[in-house]
Amino acid sequence: YLEELRPAIDKAVQVGQVLNVVNNSKADQEECQYALSLVTHFLEEEEDIQFLWLAGVLQRRVGDLKSAKANFLKILAHKESHLESHRELAQIFLHEETFELALEHSMAAYRLSPRDAGLVCNVGVCHLALENRDKAQEFIELAHGMEPHSPIINKALDALKIRA
């Protein structure tokens, strides 16, 4: 009986390894590549939204932004309300300086979770990048009011003041 369960047990252990890497922001490239190889294998068995998301995160971390975007967009085609895919796409598009798309996905994430100060701040940062100073100020100050001690939000507030 145990032999019948062995594949499921092995997969559960591997999923745990992948989650450990994804949840460890200090994971190195080698760890991310190994975790990505596991997720790629899972996706060959079944195209699951959670596995697509894990693959996208790991692809972003190893610098394969094209594949990461494709996976996050595939998720959104199945489930438009997938907050984390919008958040990830917004960050990728900010990095690529495609600010209109970054704002689109930041706004989508913000609409799904309007009490998340980080998402509020992301909308402000996108507006700042697009030189919509009034909108940037509105969102960044709102985020600061929600989490006044956040180093990331304070950095955005400093950037807003510099561009004043």
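Computed from a predicted model, the values in this text were never measured in an experiment.

(A) The arrangement of the overall build of the protein in detail. From N to C terminus, the protein includes nine helices and zero strands. When the elements of the protein are put in sequence order from the N terminus, they spell out α-α-α-α-α-α-α-α-α. If one aligns the C-alpha atoms of the protein with their principal axes, the spans along those axes are about 65 × 30 × 25 Å. Looking at the protein as a whole, 40% of its 164 residues are labelled buried. Put simply, of all contacts in the protein between residues at least 6 apart along the chain, 46% involve residues at least 24 apart. Here the protein displays about 9,700 Å² of accessible surface, and carbon together with sulfur accounts for 52% of that area. Computed over 17 positive and 26 negative side-chain charges, the inter-centroid distance for the protein is 6 Å.

(B) Local environment of unusual backbone geometry. The residue Glu97 is not glycine, and still its phi comes out positive at about 60°. Topologically, Glu97 is positioned in the loop between helix H5 (83-95) and helix H6 (99-112). Given a relative accessible area of 60%, Glu97 falls into the exposed group. A positive phi angle is found at Glu131, which is not glycine, with a value near 65°. Of note, Glu131 is situated in the loop between helix H7 (117-129) and helix H8 (133-146).

(C) The arrangement of the packing of H7 against helix H9 (residues 151-162) in detail. Packing of H7 against H9 leaves a shortest axis separation of 10 Å and a crossing angle of 25°. Taken together, H7 and H9 sit at an angle that is classed as roughly parallel. Pair H7 / H9 crosses with left-handed handedness. In this structure, H7 contributes Ala117, Cys121, Val125 and Leu128 to the contact, and H9 contributes Ile153, Ala156, Ala159 and Leu160. Across the contact of H7 with H9, the residue classes break down as eight nonpolar, no polar and no charged.

(D) A look at the side chain of Glu88. Among the secondary structure elements, Glu88 is positioned in helix H5. What makes Glu88 buried here is its relative accessible area of 10%. Other than its neighbours up to four places away in sequence, Glu88 contacts Trp53, Val57, Arg60 and Phe72.

(E) Inspection of the packing of aromatic side chains at higher detail. The tally for this structure, following the rule as stated, stands at two aromatic pairs. Centroid distance Phe42 to Phe51: 5.0 Å. Interplanar angle 40°. Geometry classified as tilted. Accessibility expressed as a relative area gives 1% for Phe42, which makes it buried. Aromatic side chains Tyr110 and Phe139 sit 5.5 Å apart centroid to centroid with 85° between the ring planes, which places their arrangement in the edge-to-face category. Of the two residues, Tyr110 is situated in helix H6 and Phe139 in helix H8; the sequence distance between them amounts to 29 residues.

(F) Broad picture of a nonpolar patch on the surface. On the surface, Tyr1, Leu2, Leu5, Ile9 and Val13 cluster together to form a nonpolar patch covering roughly 510 Å² of accessible area. Structurally, Leu2 can be placed in helix H1 (residues 2-22).

(G) Just the side chain of Asn122, in detail. Considering the arrangement of structural elements, one finds Asn122 in helix H7. Not counting the four nearest positions on each side in its chain, Asn122 is found in contact with Gln91 and Ser106.

(H) Representation of the packing of H6 against H7 within the structure. Packing of H6 against H7 brings their axes to within 9 Å, and their N-to-C directions diverge by 160°. Taken together, the axis directions place H6 and H7 in an arrangement best described as roughly antiparallel. As for how H6 packs across H7, the hand of that crossing is left-handed. Where H6 approaches H7, its residues Phe99, Ala102, Leu103, Ser106, Met107, Ala109 and Tyr110 are matched on the opposing element by Leu119, Val120, Asn122, Val123, Cys126, His127 and Ala129.

About the thresholds
- Residues numbered from 1 in each chain as written.
- Predicted model: local features only at pLDDT ≥ 70, side-chain atom pairs only at ≥ 80, totals over all residues.
- Heavy atoms only, no water.
- Helix = DSSP H or I, 4+ residues; strand = E, 2+ residues; numbered from the N terminus.
- Buried < 20%, exposed > 50% of the residue type's maximum accessible area, 1.4 Å probe, protein only.
- Contact = heavy atoms within 4.5 Å.
- Areas by Shrake-Rupley, 256 points an atom, 1.4 Å probe, with all protein chains shown as cover.
- Lys, Arg positive; Asp, Glu negative; His and termini not counted.
- Charge placed at Lys NZ, Arg CZ, Asp CG, Glu CD.
- Axes fitted to C-alpha atoms, helices over the stretch in contact; angles between N-to-C directions.
- Parallel < 35°, antiparallel > 145°, perpendicular 65-115°, else oblique.
- Left-handed = near helix turned anticlockwise from the far one by under 90°.
- Nonpolar A, V, L, I, M, F, W, Y, C, P; charged D, E, K, R; others polar.
- Phe/Tyr/Trp six-rings, centres within 6.5 Å; stacked < 30°, edge-to-face > 60°.
- Patch = residues over 30% accessible without salt bridge, like charges linked within 9 Å, V, L, I, M, F, W, Y side chains within 5 Å.
- Salt bridge = Lys/Arg side-chain N within 4 Å of Asp/Glu carboxyl O.

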